[in-house]
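Below, each chain spelled out in residue letters.
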Amino acid sequence: MTMAPMGIRLSPLGVAVLCLLGVGVIYHLYAGVLSNHLSYFRQRKKVDLRDLLAVSVEAAQLGGKEVKRVREEDSLNEKSKGETKEGAKELLTMGDLQSHRKMFNLIKNTFPEITVYSEESDSQADPVTWSRYIPDDILKLEKGREVSADSITVWIDPLDATQEYTEKLVKYVTTMVCVALEGKPVIGVIHQPFTGFTAWAMVGQGTNMASRSAYNVNPPKVIVSRSHSGEVTNFLHTAFGNSTTIIPAGGAGYKVLSLLKMHSGQPEPIDEADVYVHITYIKKWDICAGAALLNALGGHMTTLKGENIDYSGTPLNKGGLVASVDVDHKAILEKLPNWDPSKH
């Protein structure tokens, strides 16, 4: 007796089940590998703030060497790049440019994932890399405070007080780096190229600066910009009376240092002020580092209305500023007359 061969029929449902099982097996095989890759990718996007402070100090000092070299060689090649809102010329020199190239590229070459804004722009790359050196006083700070790279904004000013730089008023000149975390300044570096001194701070961790032993706000000595010292005089006399002392000075970095206790090795003592006031627009690369230094010492830098300044996004701060340390900041703000920086 012979039997006819029987055909094998596959159920569509069975095929679907087999396919799903296969996908499940593949998923389990590769999910771990994929997860590890994603984890590694995320880890690479983390930045240790202590390392970033050390790089910021090195960048400011490296830029400062270029600033000093160009000034001493008298090869500034200055040109105007526009005017400020007050009508003063905004100058660009070879010192600004060479400093920018060193500072910007050092930070970007070390931490390519972070956002860096500079007062200057230039497409020329520089292979400069971090020396990996961490100064002893920074080495004492907490290691391992890692933050997400995309939460960081870095502001650099390759040469603060360019106008004074061209006039050889070099005591006002600084190079600055600031790191903002989610818009709040956490690292500030202000370097004086012509004295070699570097002020630094990491908010909540430490600083090499200190406030002075005493301040006077009845009336205060107020430091202001040389470019609009005439206009600010009436504003400050209205606020604090005609007996208040007004100190015109160049450079936002210098003005913040004037609020602090400076080291005794300064070849030319810097001005000592009780309050720093600016009543027109100002860029964030000018003020962010100073804000971090003051915050680290319990001080304040706000708009004229007392608002905190967001150090992310657009470079322009339109609210003016008031900066102080170890005084009643709110009481100072309450004395200020109504003022709209956009109209001046």
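As recorded in an unreviewed UniProt entry, the protein chain goes by the name inositol-phosphate phosphatase, listed as coming from Crenichthys baileyi. A UniProt comment under Sequence similarities (unreviewed entry) is attached to the protein chain, and it reads "Belongs to the inositol monophosphatase superfamily." According to UniProt, the comment filed for the protein chain under the heading Catalytic activity (unreviewed entry) is "a myo-inositol phosphate + H2O = myo-inositol + phosphate".

**A closer look at the overall build of the protein chain**
Helix and strand counts for the protein chain come out as nine helices and 19 strands. Across the 344 residues in the protein chain, those meeting the buried criterion constitute 47%. Within the protein chain, counting contacts between residues at least 6 apart in sequence, those at least 24 apart form 71% of the total. Of the accessible surface of the protein chain, which amounts to about 17,200 Å², a share of 52% is contributed by carbon and sulfur atoms.

**Quick word on the nonpolar core**
Ranked by size, the top nonpolar core spans 61 residues in total, and within it Tyr276, Met301 and Tyr311 carry the most contacts. Here the element with the most residues in this core is helix α8 (residues 284-296); it accounts for seven residues. Those residues in contact with Met301 that sit more than four places away from it in its chain are Val256, Ile287, Gly290, Ala291, Leu294, Asn295, Ile309, Tyr311, Leu321, Val322 and Ala323. Formed by 33 residues, the second largest nonpolar core is a distinct cluster that contains Trp130, Val179, Val189 and Met202.

**Regarding the state of the cysteines**
The full count for this structure, using the stated rule, is one disulfide. Disulfide partner of Cys178: Cys288, at an S-S distance of 2.0 Å. With the S-S dihedral at roughly -45°, the linkage between Cys178 and Cys288 falls on the left-handed side. A residue pair is termed long-range when its members are at least 10 positions apart, and Cys178 in strand β7 (residues 174-181) and Cys288 in helix α8 qualify at 110 residues. On the basis of relative accessible area, Cys288 is assigned to the buried category, the value being 0%.

**Some words on the packing of aromatic side chains**
For the structure on display, the rule yields four aromatic pairs. Aromatic side chains Tyr117 and Trp155 sit 4.7 Å apart centroid to centroid with 25° between the ring planes, which places their arrangement in the stacked category. Taken together, the residues Tyr117 in strand β4 (residues 115-118) and Trp155 in strand β6 (residues 152-160) connect sequence positions 38 residues apart. A relative accessible area of 31% means that Tyr117 is categorised as partly exposed. Accessibility expressed as a relative area gives 1% for Trp155, which makes it buried. A cation over an aromatic ring shows up here: Arg71 above the ring of Tyr165, its NZ or CZ 5.9 Å from the ring centre.

**Some details on the sheet that holds β6**
A sheet is described by the order of its strands in space; here six strands give the open sequence β4-β6-β7-β8-β9-β10, paired in mixed fashion. Because the sheet does not close on itself, it has two edges, and the strands there are β4 and β10 (206-207). On top of the sheet, α8 reaches β4, β6, β7, β8 (184-191), β9 (198-202) and β10; it is set at about 105° to β8, its chief contact.

**As for the sheet that holds strand β12 (residues 221-225)**
Read across the sheet, five strands follow the order β13-β12-β15-β19-β17 without closing on themselves; strand pairing throughout is mixed. With one partner strand each, in any of the chains shown, β13 (245-249) and β17 (300-302) form the two edges of the open sheet. Strand after strand, the sheet turns through a mean of 20° between neighbouring axes, direction not considered. Direction of pairing for β12 relative to β13: parallel, over a ladder of five bridges. Each bridged residue has a counterpart across the sheet, and for Ile223 the counterpart in β13 is Ile247. Helix α6 (residues 229-240) contacts β12, β13 and β15 (275-278) of the sheet and is inclined by roughly 155° relative to β12. Strand contacts of α8: β17 and β19 (321-324), with the helix running at about 140° to β17, the strand carrying the most contacts.

**Looking at the UniProt feature "binding site: Mg(2+)" (unreviewed entry) in the protein chain**
Sequence positions flagged by UniProt for "binding site: Mg(2+)" (unreviewed entry) are, in local numbering, Glu119, Asp157, Leu159, Asp160 and Asp286. A stretch of 168 residues holds the annotated residues, and the largest C-alpha distance among them is 9.6 Å, short enough that they meet in one place. Along the chain, Asp157 turns up in strand β6. Contacts of Asp157, omitting those with residues within four sequence positions, involve Met103, Glu119, Thr174, Thr175, Met176, Trp285 and Asp286. Locating Asp160 in the fold gives a position in strand β6. Residues in contact with Asp160, not counting those within four places in the same chain, are Tyr172, Val173, Thr174, Met176, Gly251, Ala252, Gly253 and Asp286. A polar contact is formed between the side chain of Asp160 and the backbone nitrogen of Ala252, at a distance of 2.9 Å.

Rules used in this analysis
- Residues numbered from 1 in each chain as written.
- Predicted model: local features only at pLDDT ≥ 70, side-chain atom pairs only at ≥ 80, totals over all residues.
- Heavy atoms only, no water.
- UniProt positions renumbered as here; feature names shortened; annotations may be inferred.
- Helix = DSSP H or I, 4+ residues; strand = E, 2+ residues; numbered from the N terminus.
- Buried < 20%, exposed > 50% of the residue type's maximum accessible area, 1.4 Å probe, protein only.
- Contact = heavy atoms within 4.5 Å.
- Areas by Shrake-Rupley, 256 points an atom, 1.4 Å probe, with all protein chains shown as cover.
- Core = buried A, V, L, I, M, F, W, Y, C linked by side-chain atoms within 4.5 Å.
- Disulfide = S-S within 2.5 Å.
- Phe/Tyr/Trp six-rings, centres within 6.5 Å; stacked < 30°, edge-to-face > 60°.
- Lys NZ or Arg CZ within 6 Å of the ring centre and 35° of its normal.
- Pairing = 2+ DSSP bridges.
- Axes fitted to C-alpha atoms, helices over the stretch in contact; angles between N-to-C directions.
- Polar contact = N/O pair within 3.5 Å; in protein donor to acceptor, adjacent residues only side chain to side chain.

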